[in-house]
Amino acid sequence: MSGIGTGYDLYPTTFSPDGRIFQVEYAHKAVENSSTAIGLCCKDGVVFGVEKIILSKMLVEGTNRRVFSVGEHIGIATAGLTADGRRIVQNARQEAKNYENFTSDIIPIHVLTERLSIYVQVFTLYNYIRPFGCSLMIGSYDEEKGPSLYCIEPDSVALGFYGCAIGKGKQEAKTEISKLKLSEMTCKDAVKEIAKILIKTVHDETKEKEMELEMSWICKETKGKHKLVPKKLIEEAVEWVKGQENEED
Amino acid sequence: MFDLEKDFLYDLSKEVKTGTTVMAVTFENGVIIAADSRTSSGSYAVNRVTDKLTPVQDQIYCLRSGSAADTQIISSYVSYYTNMFSIEEGSQPTVKKAAHMFREFLYQNKQYLHAAIICAGWDPIEGGSVYSLPLGGSIVKQPFATGGSGSTYLYGYCDMNFKENMTEEEAEKFVTYGITEAIARDGGSGGIVRKAIIDKNGVRRKTVYGNKLKKFWEK
């Protein structure tokens, strides 16, 4: 079987003649196979939403988490190979704890992001370990600095965003996000908008099985702590989305 | 008779200690730190013009007492790490951060060290702060702190004369007289009084030479 990268795509230690590292690009493909995750910076916080495909009715809801806490004040949402994501989160938790032990201050989000970036980059250097097959969105909220959202991809590039989407439906999601006025939106509104994008735009009911919404936020209301959005709010958001559908019909 | 343990081994380990007096006090605009200038090895004054006011960052200083070697190496470690962290974070390190780094080093290596440090400075978040880090590696934030062998003679003086939010003049007098008194009474302290005033504008260093030290009730 020959593809685009044939011959230059065996190890991350080989550049192709046009300057690409194919193994890292293939890692991106692993992320694009996974279901979508969205992160939005609102005026009073950061909200994450993940579209979780329910593979079996035997699975308990709320398990198989895709959003994680690092310290109390930082949240991470993953897309791609979940196990890879958990590995990076474990490293993030250790960095945060070491920082706190040494300096008695909580780790600033841009410091954590840079350290995770460096960590992820190491795995693109050698032929005996593979790159991580997952993208992460890292978010935090601070009274003085306001909301922050960063996204780290498998090639270790970390960029700051106002709104970001990763996974299968990221293109459609990004188009919808760009239509929103994020600087005027509250977190409660963002919960509804994310639910709308994930349920209506990104999730294809005919092709895929049922989905479960996993949402979390770090905002003024949670006093800067990363918490799961209360179930009631998610249910209200889903109802609101259904209401919108009926209006349009 | 030559006793291996008594005469040879213990002599080698007679390290250079700073029999010392150091003081740090917060005032309305920042902190003032002061120290004597004697470093002794037994009864020999190795250095009679020592500078015990050691910069850790631009506006964070530490006052060292105990083993000179131990305190010098730890303050250079903390200086290095605060530099690295401030580059990573893109902002000036706080006195709290530097003081807690001192604590990590002092506590984790407490078996090997004989070092007590006062970390004082100014940062935009807390203003002036003084942290005392005594022998075991504990940390406590205080409005003023004293350290070294000469500090025993100053407990009464400080308790009676300290006031919150002193002016710069009052605070300068407070530390100068304190160190002067300790130099007069403590054999391990002597020489000149070195002072530094740390506030939002930076650091101003001053020295009071031996002949200018106030004599209290003596003629």
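In case you missed it, the structure is sitting above this.
The sections below set out a description of the structure shown in this document. Keep in mind it's a predicted model, so treat the numbers as computed, not measured. Counting of residues starts from 1 at the beginning of each chain's written sequence and follows it residue by residue. The order in which chains are written sets their letters, starting at A; the order in which ligands are written sets their numbers, starting at 1. Only residues with pLDDT of 70 or above have their local features reported here, since the model is predicted, and side-chain atom pairs are shown and tallied only from 80 upward, although totals for entire chains, interfaces and linings are computed over all residues. The basis for every side-chain value is the complete set of non-hydrogen atoms in the structure, without hydrogens or water.

## Side note on the side chain of Thr 94 of chain B
Thinking step 1. Strands are runs of DSSP state E lasting at least two residues, helices are runs of H or I lasting at least four, and both sets are numbered from the N terminus onward. On the secondary structure map, Thr 94 of chain B appears in the loop between helix 2 (68–89) and helix 3 (95–108).
Thinking step 2. Judged by relative accessible area, Thr 94 of chain B falls into the buried class, the value being 11%.
Thinking step 3. Excluding residues that lie within four positions of it along the chain, Thr 94 of chain B makes contacts with Asp 105 of chain A together with Ile 60, Asp 123 and Ile 125 of chain B. Partly exposed residues are those whose accessible area sits between 20% and 50% of the maximum for their type, while under 20% is buried and over 50% is exposed, using a 1.4 Å probe and protein chains only. Working rule for contacts: check all heavy atoms of both residues, and any pair within 4.5 Å makes them a contact.

## Concerning empty space enclosed by the protein
Thinking step 1. Definitions used for this entry: grid spacing 1 Å over protein atoms alone; cavity, a set of points where a 1.4 Å probe fits but cannot get out; pocket, an open set with protein on both sides within 12 Å along at least 5 of 7 lines; lining residue, one with an atom within 4 Å of a point. Grid points are joined across faces, edges and corners, and a volume is the space filled by probe spheres set on the points. A complete count under the given rule lists one cavity of 30 Å³ or more for this structure.
Thinking step 2. Estimated volume of the largest cavity: approximately 40 Å³.
Thinking step 3. Classifying every residue of the lining of the largest cavity gives two nonpolar, three polar and three charged. Amino acids outside the nonpolar list (Ala, Val, Leu, Ile, Met, Phe, Trp, Tyr, Cys, Pro) and the charged list (Asp, Glu, Lys, Arg) are all regarded as polar, and Gly is one of them.

## Focus: the interface of chain B and chain A
Thinking step 1. At the junction of the two partners, chain B supplies 11 residues and chain A supplies 10 residues.
Thinking step 2. Together, the buried faces of chain B and chain A total about 1000 Å²; carbon and sulfur atoms form 56% of this surface.
Thinking step 3. Here a salt bridge means any side-chain nitrogen of Lys or Arg lying within 4 Å of a carboxyl oxygen belonging to Asp or Glu. Counting the contacts that link chain B with chain A gives two salt bridges.
Thinking step 4. As a salt-bridge pair, Glu 88 of chain B and Arg 115 of chain A come within 2.7 Å of each other at their nearest N and O atoms. Note: buried area is the sum, over both parts, of the accessible area (probe 1.4 Å) each one loses when the two are combined.

## Description of helix 3 (residues 109–122) of chain A
Structural remark: α-helix, 3.6 residues per turn; residues separated by three or four positions point the same way.
Thinking step 1. An ideal rise of 1.5 Å per residue puts 20 Å on 14 residues; helix 3 of chain A measures up with 20 Å between its terminal C-alpha atoms.
Thinking step 2. Within the span of helix 3 of chain A, buried status applies to Ile 109, Val 111, Leu 112, Thr 113, Arg 115, Leu 116, Ser 117, Tyr 119 and Val 120 of chain A. Take the residue count of a helix, subtract one, and multiply by 1.5 Å to get its expected span.

## Remarks on a nonpolar patch on the surface
All names here are of chain B.
Thinking step 1. Patch rule: a residue counts if its relative accessible area is over 30% and it has no salt bridge; like charges are joined within 9 Å, and nonpolar side chains (Val, Leu, Ile, Met, Phe, Trp, Tyr) within 5 Å. Method for areas: the Shrake-Rupley scheme with a 1.4 Å probe, in which residue coverage is limited to the protein chains shown. On the surface, Ile 73, Tyr 77, Tyr 80, Tyr 81, Met 84 and Ile 87 cluster together to form a nonpolar patch covering roughly 610 Å² of accessible area.
Thinking step 2. Inspection of the secondary structure puts Ile 73 in helix 2.
Thinking step 3. The partly exposed category is assigned to Ile 73, whose relative accessible area is 46%.

## Notes on the packing of aromatic side chains
Thinking step 1. Stacked, tilted and edge-to-face pairs are distinguished by plane angle, under 30 degrees for stacked and over 60 for edge-to-face with tilted covering the rest, among Phe, Tyr and Trp rings (Trp via its six-membered ring) whose centres lie within 6.5 Å. This model, assessed by the stated rule, comprises 17 aromatic pairs over all chains.
Thinking step 2. Considering the side-chain rings of Phe 102 of chain A and Tyr 81 of chain B, the 5.2 Å spacing of their centres and the 85 degrees angle between planes classify their relative orientation as edge-to-face. With one member in each of two chains, Phe 102 of chain A in helix 2 (residues 82–103) and Tyr 81 of chain B in helix 2 form a pair that bridges those chains.
Thinking step 3. When its relative accessible area of 15% is taken as the criterion, Phe 102 of chain A is described as buried.
Thinking step 4. Residue classification places Tyr 81 of chain B among the partly exposed residues on the basis of a relative accessible area of 30%.
Thinking step 5. Through a chain of ring-to-ring contacts, three or more aromatic side chains come together here, namely Tyr 99 and Phe 102 of chain A together with Tyr 77, Tyr 80, Tyr 81, Phe 85 and Phe 105 of chain B.
Thinking step 6. The side chain of Lys 192 of chain A reaches across the aromatic face of Trp 240 of chain A, ending 6.0 Å from its centre. Note on geometry: a ring has a charge over it if NZ (lysine) or CZ (arginine) is within 6 Å of the ring centre and within 35 degrees of the ring normal.

## What about the packing of helix 3 of chain A against helix 2 of chain B?
A pair of packed helices can be characterised by two numbers: the angle between their axes and the separation between those axes.
Thinking step 1. All axes here are fitted lines through C-alpha atoms, helices being fitted over the stretch that makes contact, and every angle between N-to-C directions spans 0 to 180 degrees. Across the interface, helix 3 of chain A lies against helix 2 of chain B with an axial gap of 9 Å and an inter-helix angle of 95 degrees. Comparing the axis directions of helix 3 of chain A and helix 2 of chain B gives the class roughly perpendicular. Touching His 110, Val 111 and Arg 115 of chain A of helix 3 of chain A are Phe 85, Glu 88 and Glu 89 of chain B, all from helix 2 of chain B.
Thinking step 2. Residues of the contact of helix 3 of chain A with helix 2 of chain B, tallied by class, amount to two nonpolar, one polar and three charged. Here roughly perpendicular refers to angles of 65 to 115 degrees, roughly parallel to angles under 35, roughly antiparallel to angles over 145, and oblique to all remaining angles.

## With respect to the packing of helix 2 of chain A against helix 2 of chain B
Thinking step 1. Packing of helix 2 of chain A against helix 2 of chain B leaves a shortest axis separation of 13 Å and a crossing angle of 130 degrees. In this view, helix 2 of chain A runs oblique relative to helix 2 of chain B, as classed from their interaxial angle. The handedness of the crossing between helix 2 of chain A and helix 2 of chain B comes out as left-handed. Here helix 2 of chain A contributes Tyr 99, Phe 102 and Thr 103 of chain A to the contact with helix 2 of chain B, which in turn contributes Tyr 81, Phe 85 and Glu 89 of chain B.
Thinking step 2. The class makeup of the residues in the contact of helix 2 of chain A with helix 2 of chain B is four nonpolar, one polar and one charged. We call a crossing left-handed when the near helix sits turned anticlockwise from the far one by less than a right angle, and right-handed when that turn is clockwise.

## With respect to the sheet that holds strand 2 (residues 22–27) of chain B
Residue and element names in this part refer to chain B.
Thinking step 1. Strand order in this open sheet of five strands is 11-2-3-12-13, and the pairing throughout is antiparallel. Edge strands, defined here as strands with exactly one partner in the open sheet, are strand 11 (144–147) and strand 13 (202–208). With strand direction ignored, the average angle separating the axes of adjacent strands in the sheet is 15 degrees.
Thinking step 2. One ladder, built from four bridges, connects strand 2 with strand 11; its direction is antiparallel. By the bridge assignment for strand 11, Val 22 is matched with Gly 147. Paired strands, as defined in this entry, are two strands with at least two bridges between them according to DSSP.

## Section: the state of the cysteines
Thinking step 1. Cysteine sulfurs are considered disulfide-paired once they come within 2.5 Å of each other. Within this structure, the stated rule accounts for zero disulfides over all chains.
Thinking step 2. Not engaged in a disulfide, the cysteine Cys 219 of chain A finds its nearest cysteine sulfur in Cys 187 of chain A; these two sulfurs lie 4.4 Å apart.
Thinking step 3. Here Cys 219 of chain A falls in the buried class, since its relative accessible area comes to 1%.
Thinking step 4. We note that Cys 62 of chain B lacks a disulfide partner, and the nearest cysteine sulfur, in Cys 119 of chain B, lies 6.6 Å from it.
Thinking step 5. Relative accessible area serves as the criterion here: at 0%, Cys 62 of chain B is assigned to the buried category.

## Structural notes on the pattern of salt bridges
Thinking step 1. All told, the structure shown has 24 salt bridges over all chains when counted by the stated rule.
Thinking step 2. The salt bridge involving Asp 84 of chain A is made with Arg 130 of chain A; its shortest N-O contact spans 2.7 Å. Of this pair, Asp 84 of chain A sits in helix 2 while Arg 130 of chain A sits in the loop between helix 3 and strand 5 (134–142), and the two are 46 residues apart along the sequence.
Thinking step 3. Exposure remark for Asp 84 of chain A: the relative accessible area of 8% places this residue in the buried category.
Thinking step 4. Exposure remark for Arg 130 of chain A: the relative accessible area of 48% places this residue in the partly exposed category.
Thinking step 5. Glu 170 of chain B serves as the salt-bridge partner of Lys 163 of chain B, at 3.6 Å between the closest nitrogen and oxygen.
Thinking step 6. Look at the salt bridges and you will find they share partners, linking Lys 52, Arg 65, Glu 212 and Glu 214 of chain A into a network.

## Quick look at the side chain of Lys 195 of chain B
Residues and elements named next belong to chain B.
Thinking step 1. On the secondary structure map, Lys 195 appears in strand 12 (residues 193–199).
Thinking step 2. Distance and chemistry together define a polar contact, namely a pair of N or O atoms within 3.5 Å, with one atom able to donate a hydrogen and the other to accept it when in protein, and with adjacent residues in sequence counting only for side-chain atoms on both sides. In this structure the side chain of Lys 195 is engaged in a polar contact, spanning 3.1 Å, whose partner is the side chain of Thr 176.
Thinking step 3. Each residue touching Lys 195, except ones within four places of it in the same chain, is listed here: Ile 33, Ala 34, Leu 53, Glu 172, Val 175, Thr 176, Arg 204, Arg 205, Lys 206 and Val 208.

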